[in-house]
Amino acid sequence: MEPLYQQTHKQVHETQSHMGRLETADRQSVHLVENEIQASIDQIFSHLERLEILSSKEPPNKRQSAKLRVDQLKYDVQHLQTALRNFRHRRHAREQQERQRDELLSRTFTTNDSDTTIPMDESLQFNSSLQNIHHGMDDLIGGGHSILEGLRAQRLTLKGTQKKILDIANMLGLSNTVMRLIEKRAFQDKYFMIGGMLLTCAVMFLVVQYLT
């Protein structure tokens, strides 16, 4: 298991460093960089499936530690997948805005009489403002989605960690008082997570109201 874990751990860090290439890549090569990163993420997920099987076959005294290490890798690669998805969303929105601007600038306007005028400057300014609002909304939605994905991944990790701690506690024969304290803390963490999600939604709503 250890060689595959070290290989996967190294690949996660290499993929994290490659994410920086997305911001500097030109329009012709950005698709290639995206595909390269996605292929690396897919391979990491495949390794994680194998690692989960191997960790379950570790000796009992090493099994819990091995599973925690695999869970951490899974958490990291889920963040990479979310970051790549958000970048693609922003790129598609930006390309659409550029196409709309080019279409507007290349459009031929005609008048029916001498009294009809077309305020091009105001139209361009209005269109630019709309594009800025859309861009801000896309960034806000992407950021909110990333936060929610992170919270969801943390919840899954914490839930698995709690179960493993309880299993270890049962093995060690800890008292019922300690067990109840652990369960109470997990219950409190759940409400903290829900409160954070509600606060994030409220901030997004206020920003949307402000932008519109």
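Before reading further, recall that the structure is shown in the block above.
Residues numbered from 1 in each chain as written. Predicted model: local features only at pLDDT ≥ 70, side-chain atom pairs only at ≥ 80, totals over all residues. Heavy atoms only, no water.

Visitor: For the pattern of salt bridges, give the residues involved together with the corresponding values.
Guide: Summed over the entire model, instances satisfying the criterion amount to six salt bridges. Across the pair glutamate 2 and arginine 69 runs a salt bridge, and its minimum N-O distance is 3.2 Å. With glutamate 2 in helix 1 (residues 2–18) and arginine 69 in helix 4 (residues 60–106), this pair connects stretches of sequence that are 67 residues apart. Residue classification places glutamate 2 among the partly exposed positions, given a relative accessible area of 37%. Arginine 91 is paired through a salt bridge with glutamate 95; the nearest N and O atoms lie 3.1 Å apart. With arginine 91 and glutamate 95 both in helix 4, this residue pair falls four residues apart, about one helical turn. Ionic contacts of the salt-bridge type, sharing partners, join the residues Glu34, Arg88, Arg91 and Glu95 into one network. (Salt bridge = Lys/Arg side-chain N within 4 Å of Asp/Glu carboxyl O. Helix = DSSP H or I, 4+ residues; strand = E, 2+ residues; numbered from the N terminus. Buried < 20%, exposed > 50% of the residue type's maximum accessible area, 1.4 Å probe, protein only.)

Visitor: Quick one: what's the story with the packing of aromatic side chains, residue by residue and with numbers?
Guide: With the rule as written, the count across this model stands at zero aromatic pairs. If you follow arginine 69 out to its NZ or CZ, it ends over the ring of tyrosine 5, 3.9 Å from the centre. (Phe/Tyr/Trp six-rings, centres within 6.5 Å; stacked < 30°, edge-to-face > 60°. Lys NZ or Arg CZ within 6 Å of the ring centre and 35° of its normal.)

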